[in-house]
Amino acid sequence: HFRSRCFLSYSNGTERNMLGRLPLLSSSLSSRALPRSSRPLSRFLSSQSEEPGNPISPETGKHELWRDGIYDHDNEPKVMRRDGSFEPIEKLRGFINYQRNPEPYRDPLERVTDWEELNPTSEDVDLKHNEVERKVQAARCMDCGTPFCSTHSGCPVNNKIPEWNNLVYEGQLREAIDRLHSTNNFPEFTGRVCPAPCEGACVAGLVDSPVTIKNIEYSIVDKAWDEGYITPRVPKVRTGMTVAVVGSGPAGLAAADELNQMGHSVTVFEREDRIGGLLMYGIPNMKLSKDTVDRRVDLLRSEGIEFVTNADIGKNIDVHELRSNFDALALCVGATMPRDLPVPGRDLKGVHFAMEFLTKNQKRLLMTRDGNIESAWSKDEFINAAGKDVIVIGGGDTGTDCIGTSMRHRCRSVTNFELMPVPPEQRAPDNPWPQWPRVYGVDYGHAEVTAVFGKDPRVYSVMTKEFLGDDEGNLRALVTQDVEIKDGAPVPVPGSEKEWKADLVVLSMGFIAPEDYIASQLGLEVDQRNNIHAIYGDYRTSVEGVFAAGDCRRGQSLVVWAINEGRGVAQKANEFLEKKRDAELGAKDDFV
């Protein structure tokens, strides 16, 4: 529906002119965002250019196939290997025989004109991997003795990656989704938004390109939804114990899911008007469709979890009353206090935090989906980048999301400031495998800017000194200064000041802590970063019966880490509830 209702478009002339520039991108990651027809074979993946025989077809973007005669179409085809031969798919030497081939994003010049997901749908047959290609990619999994992809350095939830890769290879989808769900409550979320540290820790990546783990993960769960394999699991027995979960982001939803399956009665409280937290309003629709979030929430609701929206605990609902009405309280409120930029001109109109920009945009999109006409939108509740020179200060996923959102507003230009220097093309000596590779890459937003405007939006090694405004208090420009790294810290370069035209500046410099009103009202201890103090693996706060998990405990982190902590806090809360129930039953027996 977001494609059909999109109100933005770039001209066909722009598409034709810019397509020729796309192959100039140097990073292999950028190739994933390019249309197949415009992608030079040598740039398909960095490792392919070194091979004399490439098994990937430039026409289909998949491994070349061969069938023995016209009567062989009911059987699995033979697949081209790196040595040029055509043989049946096999796994023993799959990582040697087959090429890494990640499923590409949709054409950037197509997707900037709508709010649909970056990933191709079943309708995008020229991009979407078929079952044969998925099997080929799963066959590349080495089944290594120590799968670092599943360890703490690769996957915070310890996904059983080699196991479900093998099940995909064997065509056992139902078993694959069961294995995936055994460690990950929401693979359709992580398969879309996780940066895939598992691939950075893949053993195959030591000598070649890693397995396409992220692609395989979301292909499993999406196919399982399509086939009807994911159905409500209503607990057969209830314990009689009640739990309040505050916050409905990935940590809160994971905690609620686990506790509900343990038989406890769970109520999730969310201060926004929709369930999902960061998943609903912090991650834009092109990365994670809100229909995907609603589908999972509806499943959790049908399993017995109760959701309460517009419930701002500590403000419109008394936190002490909440605690007294439930046997346990789990705080999964996230880290929502953004890092500010206290420079002259910060209070000018046109300078906004990233989450403010993204949240208001998403709310407008949902109003459109729900049938609200444009005249009903409040301009005060929407930050519009249309026709503006946009500068995003700060990188990372959130910065890229702000770039992508600005592009879909049809901004005049977009520039992205990074304080640190350009990352290296290859791992640095202090960044060994299996750590997450801190290397140069092109994310979806950068590829979209390059496709439309002809150059990468990022400017490295700069810091903002001042915002400049007009006579009416509106932002008109900002002043930067180059920096250089000395003793591990950025130092301004004298005389390097530069003025940049800007109508809209988005601050995307991370988050520093959770908002403190719940913790202060409960008298919870906090750590030196003002996060709620609770030891990892234990999750108990300084107040009995109150637990904390996710970003509000560990600080800003990944969705997959939030799921890890949600699952962990559920285990510890369950232990507390069992002891409390046993004590209450014992007290009743003594009374009798």
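The structure reproduced in this document is the subject of the present report. Note that the coordinates shown come from a computational prediction; the quantities given were computed from them, not determined experimentally. (Residues numbered from 1 in each chain as written. Predicted model: local features only at pLDDT ≥ 70, side-chain atom pairs only at ≥ 80, totals over all residues. Heavy atoms only, no water.)

### What about the overall build of the chain?
The line we're drawing: In DSSP terms, a helix is any run of H or I states spanning at least four residues, a strand is any run of E spanning at least two, and both are numbered starting from the N terminus. Whether a residue is buried, partly exposed or exposed follows from its accessible area with a 1.4 Å probe, protein chains only, as a fraction of its type maximum: under 20%, in between, or over 50%, in that order. In this description, contact between two residues means that some pair of their heavy atoms is separated by no more than 4.5 Å. Every accessible area reported is derived by Shrake-Rupley at a probe size of 1.4 Å, with residue values counting cover from the shown protein chains alone.
Counting secondary structure elements, the chain contains 21 helices and 19 strands. Across the 592 residues that make up the chain, the buried fraction comes to 56%. Contacts spanning at least 24 positions in sequence make up 68% of the contacts within the chain whose residues lie at least 6 apart. Here the chain has roughly 26,300 Å² of accessible surface; of this, 50% comes from carbon and sulfur atoms.

### What about empty space enclosed by the protein?
The condition that has to hold: Using a 1 Å grid laid over the protein atoms alone, points where a 1.4 Å probe fits but cannot get out form a cavity; open sets with protein on both sides within 12 Å along at least 5 of 7 lines form a pocket; any residue with an atom within 4 Å of a point counts as lining. Grid points are joined across faces, edges and corners, and a volume is the space filled by probe spheres set on the points.
All chains considered together, the criterion is met by six cavities of 30 Å³ or more. Here the largest cavity is characterised by a volume of approximately 90 Å³. In terms of lining residues, the largest cavity is bounded by 15 residues, among which Cys-141, Met-142, Cys-144, Cys-149 and Cys-202 are the most central. The dominant element in the lining of the largest cavity, judged by the number of residues it contributes, is helix α7 (residues 161-170), at three residues.

### Topic: the pairing of strand β15 (residues 489-492)
Heads up, the condition is: By this definition, two strands are paired if DSSP reports at least two bridges between them.
Where strand β14 (residues 475-486) and β15 come together, four bridges link them in antiparallel fashion. Bridged to Val-483 within β15 is Pro-492.

### Here we look at the packing of α7 against helix α8 (residues 173-181)
Rule in force here: Note on method: axes are straight lines fitted to C-alpha atoms, helices fitted across the in-contact stretch only, with angles between N-to-C directions ranging 0 to 180 degrees. Here is the rule for angles: anything less than 35 degrees is roughly parallel, anything more than 145 is roughly antiparallel, 65 through 115 is roughly perpendicular, and the remaining ranges are oblique. If you view the pair so one helix is near and one far, a crossing is left-handed when the near helix is turned anticlockwise from the far one by less than a right angle, and right-handed when it is turned clockwise. Charged means Asp, Glu, Lys or Arg here, nonpolar means Ala, Val, Leu, Ile, Met, Phe, Trp, Tyr, Cys or Pro, and polar covers whatever is left, Gly included.
Contact pair α7 / α8: the axes reach a minimum separation of 8 Å and the direction vectors enclose 165°. One finds that α7 runs roughly antiparallel with respect to α8. Seen from above, α7 lies across α8 with left-handed handedness. Residue-level contacts link Glu-163, Trp-164, Leu-167 and Val-168 of α7 to Glu-175, Ala-176, Arg-179 and Leu-180 of α8. For the contact of α7 with α8, a count of residues per class yields five nonpolar, no polar and three charged.

### Section: the layout of surface pockets
There is about 650 Å³ of room inside the second largest pocket. If you go around the second largest pocket, you meet 25 residues; those closest to its centre are Thr-121, Ser-122, Lys-128, Arg-192 and Asp-222. Broken down by secondary-structure element, the contributors of at least two residues to the lining of the second largest pocket are α11 (213-227) and α14 (290-302). Looking at the lining of the second largest pocket, the element that brings in the most residues is α11, giving six residues. A per-class count over the lining of the second largest pocket returns five nonpolar, eight polar and twelve charged.

### Some points on the sheet that holds strand β3 (residues 86-87)
The three strands are arranged β1-β2-β3 in an open sheet whose pairing can be described as antiparallel. The strands lining the two open edges of the sheet, one partner per strand, are β1 (65-66) and β3. When β1 meets strand β2 (residues 78-80), the two strands line up antiparallel, connected through two bridges. By the bridge assignment, Leu-65 is partnered in β2 with Val-79.

### Focus: a nonpolar patch on the surface
Put simply, the rule reads: Residues form patches when they are more than 30% accessible in relative terms and have no salt bridge. Like charges link within 9 Å. Nonpolar side chains (Val, Leu, Ile, Met, Phe, Trp, Tyr) link within 5 Å. Here a salt bridge means any side-chain nitrogen of Lys or Arg lying within 4 Å of a carboxyl oxygen belonging to Asp or Glu.
Among the surface-exposed residues, Leu-419, Met-420 and Ile-485 lie close enough to one another that they form a single nonpolar patch of about 240 Å² accessible area. With respect to the secondary-structure elements, Leu-419 resides in the loop between β11 (413-417) and α18 (444-453). Exposure remark for Leu-419: the relative accessible area of 38% places this residue in the partly exposed category.

### Thoughts on unusual backbone geometry
Trp-433 connects to Pro-434 through a cis peptide bond whose omega is 5°. Examined against the element boundaries, Pro-434 turns out to sit in the loop between β11 and α18. Here Ala-196, not a glycine, exhibits a phi torsion of approximately 65°, which is positive. With respect to the helices and strands, the residue Ala-196 is situated in the loop between α9 (187-193) and α10 (197-200). In this structure, Ser-461 takes a positive phi of about 60° despite not being glycine. Take Ser-461: it is sitting in the loop between β12 (458-459) and β13 (462-469). Judged by its relative accessible area of 18%, Ser-461 falls in the buried class.

### Structural notes on the sheet that holds β12
Read across the sheet, five strands follow the order β9-β17-β10-β11-β12 without closing on themselves; strand pairing throughout is parallel. The open sheet has two edge strands, β9 (351-353) and β12, and neither has a second partner. Helix-sheet contacts for helix α16 (residues 354-369) involve β9 and β17 (504-507), and the interaxial angle to β9 is about 80°.

### Digging into the state of the cysteines
Condition: Disulfides are defined as pairs of cysteine sulfur atoms found within 2.5 Å of each other.
This structure, assessed with the given rule, holds zero disulfides. Cys-149 supplies the cysteine sulfur nearest to Cys-141, a cysteine that is in no disulfide, at a spacing of 6.3 Å. The thiol of Cys-552 is unpaired, and the distance to the nearest cysteine sulfur, on Cys-332, comes to 6.2 Å.

### Quick word on the nonpolar core
Cut-off, in case you're wondering: Think of a nonpolar core as a cluster: buried Ala, Val, Leu, Ile, Met, Phe, Trp, Tyr and Cys residues, connected wherever their side-chain atoms sit within 4.5 Å.
Ranked by internal contacts, the top residues of the largest apolar core, which has 44 residues, are Val-245, Leu-253, Leu-279 and Phe-307. Those elements giving two or more residues to this core turn out to be α9, β4 (242-246), α12 (250-261), β5 (265-269), α13 (278-282), α14, β7 (328-331) and α21 (559-591). The residues contacting Leu-279, other than those within four sequence positions of it, are Phe-189, Gly-249, Pro-250, Leu-253, Leu-288, Lys-290, Val-293 and Val-559. Listed in part, the 32 residues of the second largest apolar core include Val-136, Ala-139, Leu-167 and Leu-180.

### Notes on α8
The cut-off we apply is this: To be clear, the arc concerns the directions from the helix axis to the C-beta atoms.
Listing the buried residues of α8 in full gives Leu-173, Ala-176, Ile-177 and Leu-180. Seen along its axis, α8 keeps its buried residues to an arc of 95°; they face one direction. Against α7, α9 and α11 lie the buried residues of α8.

### Considerations on the pattern of salt bridges
With the rule as written, the count across this model stands at 36 salt bridges. The closest approach of N and O atoms between Arg-140 and Asp-208, which form a salt bridge, is 3.0 Å. With a gap of 68 residues between them, Arg-140 in the loop between α6 (131-139) and α7 and Asp-208 in the loop between α10 and α11 connect regions that are remote in the sequence. With respect to burial, Arg-140 and Asp-208 carry one shared label: buried. Arg-553 is the salt-bridge partner of Glu-565, the closest N and O atoms lying 2.6 Å from each other. Placement of Glu-565 in helix α21 and of Arg-553 in helix α20 (residues 551-554) is noted, with a sequence separation of twelve residues between them.

### Details of α6
Burial analysis of α6 places eight of its nine residues in the buried class, which makes it a mostly covered element. Listing the buried residues of α6 in full gives Val-132, Glu-133, Arg-134, Lys-135, Val-136, Gln-137, Ala-138 and Ala-139. Buried residues along α6 sit against β1, β2, α4 (94-97), α7 and α11.

### Quick word on the side chain of Arg-81
Defined as follows: We define a polar contact as two N or O atoms separated by no more than 3.5 Å, with the added condition that, inside protein, one atom must be a possible hydrogen donor and the other a possible acceptor, whereas residues neighbouring each other in sequence contribute only through side-chain atom pairs.
You can see Arg-81 is positioned in the loop between β2 and β3. Among the residues examined, Arg-81 registers a relative accessible area of 15% and is labelled buried. A distance of 3.5 Å separates a polar side-chain atom of Arg-81 from the backbone oxygen of Pro-88.

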